[in-house]
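# Understanding the architecture of this molecule
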Amino acid sequence: QVQLVESGGGLVQAGGSLRLSCEASGRTFSRLGMAWFRQAPGKEREFVAGITGSDGSKYYGDSVKGRFTIARDNAKNTVYLQMNSLKAEDTAVYYCAADQSVPTRHEKVTYWGQGTQVTVSS
């Protein structure tokens, strides 16, 4: 079992920045593929960013490339999502996800966090 706890969400103005954190426990963190997904009201859960456990390779959804950065600190069992140049359309509940390999489809995710709300005002 893996437990994931997100933090760092909140309200920010368009153009601003936020950093989300997700602390994992229960398994060897460095071996886990980690990702962030988001879900806006009435929309499907969407892949945002992912990072491998083996070599730290990073993957991004098209809508956030160049604005968001994913990183991990294996010593702290934590994955981060730095979000810059935020837009109103980034408003969603952001979920941390973990699996043996980097999950890029929400149907394939084994472990989920509880989610944290990000609201961007225009």
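Residues numbered from 1 in each chain as written. Predicted model: local features only at pLDDT ≥ 70, side-chain atom pairs only at ≥ 80, totals over all residues. Heavy atoms only, no water.

### So, the pairing of strand 9 (residues 92–99)
Short version of the rule: Buried means the residue's accessible area, taken with a 1.4 Å probe over protein chains only, is under 20% of the maximum for its type, while exposed means over 50%, and partly exposed covers the values in between. Note on conventions: DSSP H or I runs of at least 4 residues are helices, E runs of at least 2 residues are strands, and numbering of each starts at the N terminus. A pair of strands counts as paired when DSSP detects no fewer than two bridges linking them.
Counting buried residues along strand 9, 7 of its 8 residues qualify, which places the element largely inside the surrounding structure. Relative to strand 9, strand 4 (residues 33–39) is paired through 7 bridges, and the arrangement is antiparallel. Within the sheet, the bridge partner assigned to Q39 lies in strand 9 and is V93. Strand direction decides the pairing type here: strand 9 and strand 10 (residues 111–112), joined by 2 bridges, are antiparallel. When the sheet's bridge partners are listed, A98 is paired in strand 10 with Y111.

### Quick notes on the packing of aromatic side chains
Threshold: Think of it this way: a Phe, Tyr or Trp ring, Trp meaning its six-membered ring, pairs with another when their centres are within 6.5 Å, and the plane angle makes it stacked under 30 degrees, edge-to-face over 60, tilted otherwise. In this analysis the charged atom, NZ for Lys or CZ for Arg, is taken to sit over a ring once it is within 6 Å of the ring centre and within 35 degrees of the ring normal.
A complete count under the given rule lists 3 aromatic pairs for this structure. For the pair F37 and W112, a centre-to-centre distance of 5.2 Å together with 70 degrees between the ring planes defines the contact as edge-to-face. One end of the pair, F37, is in strand 4; the other, W112, is in strand 10, and 75 residues separate them in sequence. Pairing Y95 with W112 gives two aromatic rings, centres 6.0 Å apart and planes at 80 degrees, and the pair type is edge-to-face. Taken together, the positions of Y95 in strand 9 and W112 in strand 10 put the pair 17 residues apart, joining distant regions of the chain. The side chain of R72 reaches across the aromatic face of F29, ending 4.4 Å from its centre.

### Brief notes about the pattern of salt bridges
Keep this limit in mind: By salt bridge we mean one thing: a side-chain nitrogen of Lys or Arg within 4 Å of a carboxyl oxygen of Asp or Glu.
Taken as a whole and assessed by the stated rule, the structure comprises 5 salt bridges. Residue D90 pairs with R38 through a salt bridge whose shortest N-O separation is 2.9 Å. With a gap of 52 residues between them, D90 in the loop between strand 8 (78–83) and strand 9 and R38 in strand 4 connect regions that are remote in the sequence. On the accessibility criterion, D90 (0% relative accessible area) is buried. A salt bridge links D90 to R67; its shortest N-O distance comes to 2.7 Å. Taken together, the residues span a long stretch of sequence, with D90 in the loop between strand 8 and strand 9 and R67 in the loop between strand 6 (58–60) and strand 7 (68–73) at a distance of 23 residues. We classify R67 as buried; its relative accessible area is 11%. Within the structure, one salt-bridge network assembled from shared partners comprises R38, E46, R67 and D90.

### Concerning the environment of E6
Cut-off, in case you're wondering: Only heavy atoms matter for contacts: two residues are in contact if any of them lie within 4.5 Å across the pair. Two N or O atoms form a polar contact when they lie within 3.5 Å of each other; inside protein one atom must be a possible hydrogen donor and the other a possible acceptor, and for residues adjacent in sequence the pair counts only when both atoms belong to side chains.
Looking at the secondary structure, you find E6 in strand 1 (residues 3–7). Relative accessible area serves as the criterion here: at 5%, E6 is assigned to the buried category. Sequence-wise, E6 and G33 are 27 residues apart; in three dimensions their C-alpha atoms are separated by 16 Å. When neighbours within four sequence positions are excluded, E6 is seen to be in contact with S21, C22, W36, Y94, Y95, C96, G113, Q114, G115 and T116. A polar contact of 2.7 Å, which involves the side chain of E6, links it to the backbone nitrogen of C96. A polar contact of 2.9 Å, which involves the side chain of E6, links it to the backbone nitrogen of G115.

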